[in-house]
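Examining the three-dimensional arrangement
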Protein chains: 2
Amino acid sequence: MRVKKLNMNFSVEASDIKSRARAGTISTDHGQIDTPIFMPVGTAATVKAVHIRELEDDIKAQIILGNTYHLYLRPGLELIEQAGGLHGFNGWRRPILTDSGGYQVYSLADNRKITEEGVTFQSHIDGSRHIFTPENVVDIQRTIGADIVMAFDECTPYPCDYDYAKRSMEMTHRWLKRCAERMNQTEPRYGYAQSLFPIIQGSVYPDLRKKSAETIAGYDLDGNAIGGLSVGEPSEMMYEMTEAVCELLPMHKPRYLMGVGTPENILECIALGIDMFDCVMPTRNARNGMLFTPEGIINIKNEKWKNDLSLIDANLENYASNFYTKAYLRHLIISKEILGAQIASLHNLAFYLWLVKEARKRIISGNFITWKNDMINKVSKRI
Amino acid sequence: MRVKKLNMNFSVEASDIKSRARAGTISTDHGQIDTPIFMPVGTAATVKAVHIRELEDDIKAQIILGNTYHLYLRPGLELIEQAGGLHGFNGWRRPILTDSGGYQVYSLADNRKITEEGVTFQSHIDGSRHIFTPENVVDIQRTIGADIVMAFDECTPYPCDYDYAKRSMEMTHRWLKRCAERMNQTEPRYGYAQSLFPIIQGSVYPDLRKKSAETIAGYDLDGNAIGGLSVGEPSEMMYEMTEAVCELLPMHKPRYLMGVGTPENILECIALGIDMFDCVMPTRNARNGMLFTPEGIINIKNEKWKNDLSLIDANLENYASNFYTKAYLRHLIISKEILGAQIASLHNLAFYLWLVKEARKRIISGNFITWKNDMINKVSKRI
């Protein structure tokens, strides 16, 4: 079954010879996305501690995420619809991808119950009861106004026994069929295209992952996603699963590895053929004083930065990194000043966007693997 | 006794005929300040939730405050000195006024004990013991790098009996003498002028206030301040005390009313001859969702703003007020998102700066009182 043709387009501009890495461009009605790309997470209609103009001008984000579970509960669909979708609500003008709400239902909601029909749960905010089904999460994401709508899936925990992983994956596939049908039966809400991405599951079992990759690829949708990784398994296992499915996923569709990860994870998975990433790590860790830099990871709370009056990162082209000093940021984080969260979030997101942009350059110029191996040594160490 | 001539200069450009309001300019080595002016409070080397470039470009702040008590305890003088003063530490390039630390010692510190020598207290952060004296608070403020150093005073609470108020005021006067002597014996720290402002005390007793005004005016310092108001007394009493002392303070020195206040308070006190104000209200109340606007006070948490997709304030020239909508800000504040505090703080500070700028325009154009009375009706009402 095919979903009707939408306007999203993906072209691969360069492929690395020594790896599966590729540089491409996704065209959407809200503009172009250069891949590989990192997508800042804007959970509740805001990338935490970051203004919209900072996302555009300092971080140079090309696409952001919204969380369906959060947005559905608060502010709710009525207001988002009235605002003309999430773009109208928060003022972000470039593409938005929404998750399906599944992951948050499993991790945040109370009294959840998974059946073939969908998931019933209680809001973590007010205890109210709700149900998410493959059909209504498509409708909800259409109403939120996502450029990229994610299929409803069950994200299995780690570890997960084989039988549960298999049954869950099969249900996720049946849910995908229902999502795709719903997409076909409904129209984009606000005059721009809305694409559905299916999600591969199968825990850490290569045969399940391959089966899932083949199944979802068969839908020939605008892109393909890998879910259920970065949930506690060792990185090597994440890479193994990613490699196994990337070999099976079509070359001419963008591949999105959900919820990943550290700078090292991102570089390794770009080499395996991933084009899109998202993760709360740069913003969440920023609020706790962890800074990612091209030279390594800084815990700004450490005594060693106390008198360091050098800029946070003089070479990173954004206001926060080359205006404020490490000692000043340390003071703010230790004093629990809001500005500390603002500066560290801006810096980390700018670093993540810089990282994928640099990767793209190296893929195009043909020296990606050398650069990647060198960068991984740097970015993973604590300094 | 006179403190040696510093470079600060104040010129009155226009005086209102129907009130004591005046429009002036303070020249400092860090640039000009148009009066009347509102000074955003930057307690711990940061105006909470606001970037330095936002203070400059959006709020168009001309001078900010630093709190000596906070800065002395954290990050401490050693680091501030190493950074070349507070300007070097946080990157703010325009003038800074520091309070003397007295007010915070009385309101925040533990086990404080006031003697003729000074005040001993325990840090609210780590319980460490410290002493503030008229001499060392001058030294501390010089090290912080204040353009305007405030004299050490005792800020009496409200209510305060006459005898205590009198004795306290007399001690504040003796402390002023010691501050002025210390200023004379020491040099500016970083190559720019540092001016001392004395503080009038005397609680709500007109005879004490007048006595205090005459005493401090006798020092012929670069400006004069009124302390011990806005501490719980009725507004009418604040106005009465302000009026009583403004009649006695020299015309050709800027007058600073400390810790004031609501937009209404500010407008009334401009009419009484005040040139400088500071208050945490615009930022603190912003974080709780209270917005000041030219049309009145908004509690953005109220249900009535839930679906209001109009801009926060389309006419106020700053990013936050005319990019984000009321409904979006309400969602952020209710969801306790950091961006909510950022937007509301930017908006409120921009409003306060707009208010004093408008007042200045009206003083110059000669219709201040009519405008002021009209504005007070608007800005004080809850909408």
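Scroll up for the structure.
Everything numeric here is computed off the predicted structure, so don't read it as measured data.

Residue and element names in this part refer to chain A. A contiguous patch of negative charge on the surface is contributed by Glu236, Glu240, Glu243 and Glu247. For Glu243, the position within the fold is in helix α9 (residues 235–246). On the basis of relative accessible area, Glu243 is assigned to the partly exposed category, the value being 37%.

Here we take up the packing of helix α6 (residues 134–144) of chain A against helix α7 (residues 162–185) of chain A. All names here are of chain A. The geometry of α6 relative to α7 is characterised by a closest axis approach of 8 Å and an angle of 45 degrees between their N-to-C directions. As the angle between them shows, α6 and α7 are arranged oblique. Our pair here, α6 against α7, has a crossing hand that is right-handed. Across the interface between the two elements, Pro134, Glu135, Val138, Asp139 and Arg142 of α6 pack against Trp175, Arg178, Cys179, Arg182 and Met183 of α7. In terms of residue class, the contact of α6 with α7 is made up of five nonpolar, no polar and five charged.

Further remarks concern the relation of the copies chain B and chain A. The transform that puts chain B on chain A rotates by 180 degrees and translates by 0.0 Å along the axis, for an RMSD of 0.0 Å. Between the two chains, the operation in question is that of a two-fold axis. Across chain B, the smallest distance between a C-alpha and the rotation axis is recorded for B:Ile338, namely 3.7 Å. With an isologous cut-off of 70% or more, the 100% of interface residues of chain B that recur at the interface of chain A puts this contact in the isologous class.

Further remarks concern the sheet that holds strand β5 (residues 64–66) of chain A. Residues and elements named next belong to chain A. One open sheet accounts for four strands, arranged β5-β6-β10-β11; its pairing is parallel. Of all strands in the sheet, those with a lone pairing partner are β5 and β11 (195–197), marking the two edges. Along the sheet, successive strands turn relative to each other by an average axial angle of 25 degrees, direction set aside. In this structure, β5 lies alongside strand β6 (residues 96–98), joined through three bridges in parallel fashion. What sits directly across from Gly66, in β6, is Thr98.

This paragraph deals with the interface of chain B and chain A. On the chain A side, the residues contacting the 41 residues of chain B number 41 residues. Both sides of the chain B and chain A interface together cover about 3,600 Å² of buried area, and 57% of this is carbon and sulfur. Looking at the side of chain B facing chain A, the largest losses of area belong to B:His51, B:Arg53 and B:His331, adding up to 18% of the total buried there. Inspection of the chain B/chain A interface yields four salt bridges. With its nearest N and O atoms 2.4 Å apart, the salt bridge here joins A:Arg53 to B:Asp58. Of all the secondary-structure elements, those providing two or more residues to the side of chain B that touches chain A are α1 (52–57), α3 (77–82), α4 (86–90), α12 (319–323), α13 (326–334) and α14 (338–365) of chain B. Looking at the side of chain B that touches chain A element by element, the count peaks at six residues for α14(B).

Cis rather than trans, the peptide bond between B:Arg74 and B:Pro75 has omega equal to 10 degrees. Position of B:Pro75 relative to the elements: it lies in the loop between α2 (68–73) and α3. For A:Ser203, which is not glycine, the phi torsion reads 50 degrees and is therefore positive. In this fold, A:Ser203 is placed in the loop between β12 (199–200) and α8 (206–217). A:Ser203 gets classed as buried once you look at its relative accessible area, which sits at 3%. A positive phi is found at B:Ala45, a non-glycine position, where the angle reads about 70 degrees. One can find B:Ala45 in the loop between β4 (37–39) and α1. A relative accessible area of 1% places B:Ala45 in the buried class.

Glancing now at the pairing of strand β16 (residues 290–293) of chain A. A two-sided burial pattern is seen for β16(A), the buried positions comprising A:Met290 and A:Phe292 on one face and A:Leu291 and A:Thr293 on the other. Hairpin connection between β16(A) and strand β17 (residues 296–299) of chain A: a loop of two residues separates the two successive antiparallel strands.

Time to look at the sheet that holds strand β3 (residues 31–35) of chain A. Residues and elements named next belong to chain A. Pairing in this open sheet of three strands is antiparallel, and the strands run β1-β2-β3 from one edge to the other. The open sheet has two edge strands with one neighbour each: β1 (9–15) and β3. Across this sheet, the average inter-strand angle for adjacent strands is 15 degrees, counted without regard to direction. Sheet topology note: the β1/strand β2 (residues 22–28) ladder contains six bridges and is antiparallel. Among the inter-strand pairings, Phe10 is bridged to a residue of β2, identified as Ile26. Across the sheet, helix α14 (residues 338–365) is in contact with β1, β2 and β3; its angle to β2 comes to roughly 120 degrees.

Another aspect to go through is the environment of B:Gly227. Residue and element names in this part refer to chain B. Within the fold, Gly227 resides in the loop between β13 (224–226) and α9 (235–246). Residue classification places Gly227 among the buried residues on the basis of a relative accessible area of 2%. Linking Gly227 and Val379, residues 152 residues apart in sequence, is a C-alpha distance of 25 Å. Look past the residues within four positions of Gly227 in its chain and what remains in contact with it is Ile199, Ile200, Gln201, Arg209 and Met258.

All names here are of chain B. With respect to the helices and strands, Arg22 occurs in strand β2 (residues 22–28). Residue Arg22 is classed as buried on the basis of its relative accessible area, which comes to 1%. Within the local environment of Arg22, its side chain forms a polar contact with the backbone oxygen of Lys253, the two atoms lying 3.0 Å apart.

Counted according to the given criterion, the structure contains 34 aromatic pairs over all chains. With centroids separated by 5.4 Å and ring planes inclined at 70 degrees, the aromatic side chains of A:Tyr319 and A:Tyr324 adopt a geometry described as edge-to-face. The burial state of A:Tyr319 is the same as that of A:Tyr324; both residues are buried. Ring centres of B:Phe351 and B:Tyr352 lie 6.2 Å apart, and the angle between their planes is 80 degrees; this geometry places the pair in the edge-to-face category. Each member of the pair B:Phe351 and B:Tyr352 is classed as buried. In this structure an aromatic cluster arises from ring pairing among A:Tyr69, A:Tyr72, A:Phe121, A:Phe132, A:Phe152 and A:Trp175. The residue whose ring lies beneath A:Arg189 is A:Tyr190, and the NZ or CZ to ring-centre distance is 5.5 Å.

We now examine the pattern of salt bridges. Residues and elements named next belong to chain A. Taken as a whole and judged by the stated rule, the model has 38 salt bridges over all chains. Between Arg360 and Glu13 there is a salt bridge, with its nearest N and O atoms 3.3 Å apart. With Arg360 in helix α14 and Glu13 in strand β1, this pair connects stretches of sequence that are 347 residues apart. The class for Arg360 is buried, based on a relative accessible area of 13%. A relative accessible area of 48% places Glu13 in the partly exposed class. Among the ionic pairs, Glu268 bridges to Lys372, the shortest N-O distance being 2.7 Å. Of this pair, Glu268 sits in helix α10 (residues 263–271) while Lys372 sits in helix α15 (residues 368–379), placing them 104 residues apart in sequence. There is no split in this pair, since Glu268 and Lys372 are both buried.

Parameters and conventions
Residues numbered from 1 in each chain as written. Chains lettered and ligands numbered in written order. Predicted model: local features only at pLDDT ≥ 70, side-chain atom pairs only at ≥ 80, totals over all residues. Heavy atoms only, no water. Patch = residues over 30% accessible without salt bridge, like charges linked within 9 Å, V, L, I, M, F, W, Y side chains within 5 Å. Areas by Shrake-Rupley, 256 points an atom, 1.4 Å probe, with all protein chains shown as cover. Salt bridge = Lys/Arg side-chain N within 4 Å of Asp/Glu carboxyl O. Lys, Arg positive; Asp, Glu negative; His and termini not counted. Charge placed at Lys NZ, Arg CZ, Asp CG, Glu CD. Helix = DSSP H or I, 4+ residues; strand = E, 2+ residues; numbered from the N terminus. Buried < 20%, exposed > 50% of the residue type's maximum accessible area, 1.4 Å probe, protein only. Axes fitted to C-alpha atoms, helices over the stretch in contact; angles between N-to-C directions. Parallel < 35°, antiparallel > 145°, perpendicular 65-115°, else oblique. Left-handed = near helix turned anticlockwise from the far one by under 90°. Contact = heavy atoms within 4.5 Å. Nonpolar A, V, L, I, M, F, W, Y, C, P; charged D, E, K, R; others polar. Least-squares fit on C-alpha atoms with pLDDT ≥ 70 in both. Pairing = 2+ DSSP bridges. Buried area = accessible area lost by both parts, 1.4 Å probe. Polar contact = N/O pair within 3.5 Å; in protein donor to acceptor, adjacent residues only side chain to side chain. Phe/Tyr/Trp six-rings, centres within 6.5 Å; stacked < 30°, edge-to-face > 60°. Lys NZ or Arg CZ within 6 Å of the ring centre and 35° of its normal.

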